[in-house]
Structures are given as structure tokens and as C-alpha cells.
Amino acid sequence: MAEPSFPRILLLCFVFLFLFTTLGSSSKTRFKYSLEKPHHPLDPLTTHEMKRVKAIFSGHNPGFGSGSAIIHSMALDEPENQCVVRWKKGDLIPPRRAEVLAMSKGKSHVLTVDLKTGRVVSDLVNPTSGYPILTMNDIIAVSQVPFKSVEFNQSRRVGFRFPV
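Residues numbered from 1 in each chain as written. Predicted model: local features only at pLDDT ≥ 70, side-chain atom pairs only at ≥ 80, totals over all residues. Heavy atoms only, no water.

> Could you give an account of the overall build of the protein, with specific residues and numbers?
Secondary structure assignment for the protein yields six helices and four strands. When the elements of the protein are put in sequence order from the N terminus, they spell out α-α-α-β-α-β-β-β-α-α. Buried residues in the protein amount to 23% of all 164 residues. Contacts in the protein between residues far apart in sequence, at least 24 positions, make up 54% of those at least 6 positions apart. (Helix = DSSP H or I, 4+ residues; strand = E, 2+ residues; numbered from the N terminus. Buried < 20%, exposed > 50% of the residue type's maximum accessible area, 1.4 Å probe, protein only. Contact = heavy atoms within 4.5 Å.)

Given below as C-alpha cells:
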């Protein structure tokens with residue numbers, strides 16, 4: 001049996017990708033988080049809910065509205081397990097909360113926002129020098145630093161040589 005060639009492997013990958021995208025998904029089961037309301041207590045935050053959280057932050061801390069504070073992550077603050085287990089399709093969704101990790105004035109904040117009342121119900125500040133995860137802007141800025149270095153760019157032109 002002959003070894004598979006690169007074009008055959010590539011073709012096989014495309015066939016699997018095509019089958020997965022066309023047969024594996026149905027337009028009926030897709031959930032458009034930008035347009036709909038959550039249907040289950042554990043559904044991720046919708047786009048509307050995320051915008052609401054950002055608006056609530058502007059009133060809680062002026063830094064969030066002015067742009068001096070940075071939101072690093074925003075996710076659903078999941079309800080209690082018993083609440084989720086008791087929930088049945090067709091029941092009202094329990095009140096939703098968002099948990100946000102943010103940086104303001106050099107300090108990390110873990111905030112909980114109640115979307116029903118429109119209030120920040122918890123704002124825990126990290127008392128140590130902890131820093132939240134990197135944002136995409138941080139990663140892009142760091143990745144561009146070496147290419148601004150004269151020494152680095154010269155080393156790329158010369159090439160790396162192994163010591164003998």
C-alpha cells in the first residue's frame with residue numbers, strides 16, 4: 001500500500017471539515033447571542049447583557065466609563081446548583097449575574113453585577129500585586145516589541161549559527 005500523499009491528506013481533511021459543518025449543525029439549534037434572550041440558566045451572557053454590564057460599570061466606577069479601567073473578562077456568574085437542577089424547560093430563567101475581572105487604578109477587581117437590579121453587588125479588590133490575565137491588546141503589543149529592536153532585526157538578517 002502506498003503512503004498517503006500530502007494532497008490526499010489535505011483533501012481528506014477538507015471532506016471531513018465540509019461534512020462536519022454541513023451535517024453536524026442545524027440552523028434550528030443555533031443560538032444567536034446577539035439577538036436572543038437566554039433559554040437556560042447556564043446559557044452564556046448575551047451581547048445585550050454584556051452591554052448592560054458595561055453600562056452598569058460606568059455608574060459604579062467612573063474609571064470604567066472613561067476608559068481608564070480595563071475589563072479583562074466577563075462571564076455568567078452561575079446560579080446555585082439546586083436552582084439549575086430544579087429548573088425545567090418553560091420555567092422562568094433565574095435572575096442572572098455577571099462576574100467581571102477588571103483592572104482599575106493598578107488594582108485587580110472581581111465584580112459581581114446583578115442584571116435584574118442593575119447594581120454591582122460585590123467589588124472585591126485584590127490586596128496583593130496580583131494582575132488579571134492578559135487582554136488581546138496586551139498580547140499584540142508584547143508581540144511587536146522584538147521587531148522594534150535593532151539588535152533583533154539584525155540577528156534575523158544574519159541568521160543563527162550553531163557553535164562549533
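> Go over the nonpolar core, please, and point to the residues and values.
Counting residues in each nonpolar core, the largest one holds 12 residues, listed as Leu45, Val53, Ile56, Phe57, Leu76, Ala98, Val100, Ala102, Leu111, Val113, Leu115 and Val120. Looking at this core, the elements that each hand over two or more residues are helix H2 (47–60), strand E2 (97–104) and strand E3 (107–114). (Core = buried A, V, L, I, M, F, W, Y, C linked by side-chain atoms within 4.5 Å.)

> A description of the sheet that holds E2 should follow, citing residues and the corresponding values.
If you trace the four strands from one edge of the open sheet to the other, you get E1-E2-E3-E4, paired in antiparallel fashion. Strands with a single pairing partner mark the edges of an open sheet, and in this sheet they are strand E1 (70–77) and strand E4 (119–125). Pairwise comparison of adjacent strand axes, ignoring direction, gives a mean angle of 20° for this sheet. With six bridges joining them, E3 and E4 adopt antiparallel strand pairing. Note on E4: the bridge partner recorded for Leu111 is Asp123. (Pairing = 2+ DSSP bridges. Axes fitted to C-alpha atoms, helices over the stretch in contact; angles between N-to-C directions.)

> An account of the pairing of E2 is requested, with residue identities and associated values reported.
Where E1 meets E2, seven bridges bridge the pair, whose relative direction is antiparallel. By the bridge assignment for E2, Asp77 is matched with Arg97. Strand direction decides the pairing type here: E2 and E3, joined by eight bridges, are antiparallel. Among the inter-strand pairings, Glu99 is bridged to a residue of E3, identified as Thr112.

> I'd like a description of the pattern of salt bridges, backed by residues and values.
Under the definition given, this model contains one salt bridge. Its salt-bridge partner being Arg96, residue Glu49 comes within 2.7 Å of it at the nearest N-O pair. Separated by 47 residues along the polypeptide, Glu49 in helix H2 and Arg96 in the loop between helix H4 (81–86) and E2 bring together distant segments of the chain. Take Glu49: its relative accessible area is 10%, and that puts it in the buried class. (Salt bridge = Lys/Arg side-chain N within 4 Å of Asp/Glu carboxyl O.)

> Tell me about the environment of Met74, residues and numbers included.
Mapped onto the elements of the fold, Met74 is located in strand E1. Relative accessible area serves as the criterion here: at 22%, Met74 is assigned to the partly exposed category. Each C-alpha atom of the pair Met74 and Leu111 lies 9.4 Å from the other, and the pair is 37 residues apart in sequence. Setting aside chain neighbours within four positions, we find Met74 in contact with Leu45, Met50, Val53, Glu99 and Val100.

> Which residues make up H2, and what are the values?
The terminal C-alpha atoms of H2, which comprises 14 residues, lie 20 Å apart, in line with the 20 Å expected from a rise of 1.5 Å per residue. Glu49, Val53, Ile56 and Phe57 are the residues of H2 that are buried. Viewed end-on, H2 has its buried residues packed into an arc of 105°, placing them on one side of the element. Exposed positions of H2 whose direction lies more than 90 degrees from the buried face are His48, Lys51, Lys54, Ala55 and Gly59. (Expected span 1.5 Å × (residues − 1). Arc of directions from axis to C-beta.)

> Lay out the side chain of Thr112 in plain terms, naming residues and giving numbers.
Along the chain, the position of Thr112 falls in strand E3. What makes Thr112 buried here is its relative accessible area of 9%. Setting aside its immediate chain neighbours within four residues, Thr112 contacts Asp77, Arg97, Ala98, Arg119, Val120, Val121 and Ser122.

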